[in-house]
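The residues making up each chain are set out below.
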Amino acid sequence: RRTMPPEIASGLTWPVVAAVLLGAVLHAGWNALVKSSGDKPLDTALVHFLGAVVALPMLLAVGLPRPETVPYIAASLTIHVGYYIALAGAYQHGEFGVTYPIMRGFAPMLVALGSLPFLGEAPSLAAWVGIAGITLGVALVGLSHPGEALHHGKALGFAFANAAIIALYTIVDGRGVRTEVAAGGDALRYVLILFVLDGFPYPTLVWLRRGPEGRRRILAYARSRWPLAALGGLASIGSYAVALWAMTRAPVASVAALRETSVLFATVIGTVMLKERFGLQRAMGAVVIVAGVMALRLG
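Residues numbered from 1 in each chain as written. Predicted model: local features only at pLDDT ≥ 70, side-chain atom pairs only at ≥ 80, totals over all residues. Heavy atoms only, no water.

Participant: Give me the overall build of the protein: which residues, what numbers.
Facilitator: Tallying secondary structure elements over the protein gives 13 helices and zero strands in all. Starting at the N terminus and ending at the C terminus, the protein contains elements arranged as α-α-α-α-α-α-α-α-α-α-α-α-α. Computed over C-alpha atoms, the radius of gyration of the protein comes to 18 Å, within 12% of the 19 Å expected from 2.2 N^0.38 for 299 residues, which places it in the range of a compact globule. In terms of overall dimensions, the protein has C-alpha extents of about 55 × 50 × 30 Å along its principal axes. (Helix = DSSP H or I, 4+ residues; strand = E, 2+ residues; numbered from the N terminus. Rg over C-alpha atoms; globule rule 2.2 N^0.38 Å.)

Listed below in structure tokens is the structure:
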């Protein structure tokens, strides 16, 4: 049985594509903030914590989601515990530039594979081509030295595990937000409750993993970094709100793939602001991603 209205089962409209790409830019923005940091786990924790702080008054203003969504919210929050454990493991054993593209790049393919059994959605041939193109393009853009990844076995294990976890919570949240809208609610309420409840486990994990000196450093770092981290938290909320809104109007697998173009935008930001080298491989990846986006739209 399909879990989305028939009128949105056929594909993406250009306004939805544009909205998701804008969300990808927001996602790239806060990830570029993390990438520029000297302490990526701490910056990630600070962005999530301040995202919850920003989301709380917004949630109080718009109200709680419908009761029908409680099972999905509970499942998503539980899955996110695994996400944070795998995330910490990936960053502990491998470089951000190796693990992040794997986690974000391979998740859309797994979402597409799970779409039929879990969502009743069967991507078209063009959509499959688009999803595969974006996956390949993200790998080309993100993994500037693919051979280096093979020497980080533990990091690869955590990264691929997290790709599966990302795919799982994407499917759960896709169904949850559709349930919210079908019950007369609003996608923003679903997103905000997730950010409020999800903003504490990973920061707590980072806090507990550090000793007294490390915790003093966390407090000093937070005092100097919180304005940027708060903006990152707001960008994270906006990015996921757009993605979940889009899932109420288009196939989840297509939206998930489009969202991961954030890796390309993050690379562009890194090239312009952090003076990183773009190179031929990343240029090829960018072309493949654009071709994938076009195939998704036509599919």
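Participant: Describe the packing of helix H10 (residues 212–247) against helix H11 (residues 252–259), naming the residues involved and giving the relevant values.
Facilitator: Running from N to C, H10 and H11 cross one another at 155°; their axes reach a closest spacing of 9 Å. One finds that H10 runs roughly antiparallel with respect to H11. Read as a crossing pair, H10 and H11 show a hand that is right-handed. Touching Ser239, Tyr240, Ala243, Ala246 and Met247 of H10 are Val252, Val255 and Arg259, all from H11. Counted by class, the contact of H10 with H11 contains six nonpolar, one polar and one charged residues. (Axes fitted to C-alpha atoms, helices over the stretch in contact; angles between N-to-C directions. Parallel < 35°, antiparallel > 145°, perpendicular 65-115°, else oblique. Left-handed = near helix turned anticlockwise from the far one by under 90°. Contact = heavy atoms within 4.5 Å. Nonpolar A, V, L, I, M, F, W, Y, C, P; charged D, E, K, R; others polar.)

Participant: An account of the environment of Ala75 is requested, with residue identities and associated values reported.
Facilitator: Looking at the secondary structure, you find Ala75 in helix H3 (residues 70–93). Given a relative accessible area of 29%, Ala75 falls into the partly exposed group. Measuring from C-alpha to C-alpha, the distance between Ala75 and Lys35 comes to 29 Å, with 40 residues separating the pair along the chain. (Buried < 20%, exposed > 50% of the residue type's maximum accessible area, 1.4 Å probe, protein only.)

Participant: Lay out helix H9 (residues 201–208) in plain terms, naming residues and giving numbers.
Facilitator: Three or more residues of H9 are buried, namely Tyr202, Pro203 and Val206. Relative to the axis of H9, the buried residues are bounded by an arc of 100° and lie together on one face. Packed against the buried residues of H9 are helix H2 (40–62), H3 and H10. (Arc of directions from axis to C-beta.)

Participant: Explain the side chain of Ser236 to me, and be specific about the residues and the numbers.
Facilitator: Assignment of secondary structure puts Ser236 in helix H10. With a relative accessible area of 10%, Ser236 lands in the buried category. Aside from chain neighbours lying at most four places away, what touches Ser236 is Trp30 and Phe195.

Participant: Tell me about the pattern of salt bridges, and name the residues and values.
Facilitator: Pairing is possible between side chains that carry opposite charge, provided their charged atoms lie close to one another. One pass over the structure, following the stated rule, counts six salt bridges. With a closest N to O distance of 2.7 Å, Asp39 and Arg210 form a salt bridge. Within this pair, whereas Asp39 is found in the loop between helix H1 (14–35) and H2, its partner Arg210 is found in the loop between H9 and H10, the two being separated by 171 residues in sequence. Residue Glu121 is joined to Arg178 by a salt bridge in which the shortest nitrogen-to-oxygen separation is 2.6 Å. Residue Glu121 is found in the loop between helix H4 (96–119) and helix H5 (125–142), and its partner Arg178 is found in helix H7 (residues 153–182); the two are separated by 57 residues along the sequence. Overlapping salt bridges, with partners in common, bring together Asp39, Arg210 and Arg217 in one network. (Salt bridge = Lys/Arg side-chain N within 4 Å of Asp/Glu carboxyl O.)

Participant: Could you give me a rundown of the nonpolar core, with the residues and numbers involved?
Facilitator: Leu12, Val255 and Leu296 are the most contacted members of the largest nonpolar core, which totals 83 residues. Examining the composition of this core, we find that 13 residues originate from one element, H10, more than from any other. (Core = buried A, V, L, I, M, F, W, Y, C linked by side-chain atoms within 4.5 Å.)

Participant: Lay out the packing of aromatic side chains with the relevant residues and their values.
Facilitator: By the definition in use, this model includes seven aromatic pairs. Considering the side-chain rings of Tyr83 and Tyr84, the 5.2 Å spacing of their centres and the 65° angle between planes classify their relative orientation as edge-to-face. Each member of the pair, Tyr83 as well as Tyr84, is classed as buried. In textbook terms, an aromatic cluster arises when at least three aromatic residues are bridged by ring pairs, as seen for Tyr83, Tyr84, Tyr169, Phe195, Tyr202 and Tyr240. (Phe/Tyr/Trp six-rings, centres within 6.5 Å; stacked < 30°, edge-to-face > 60°.)

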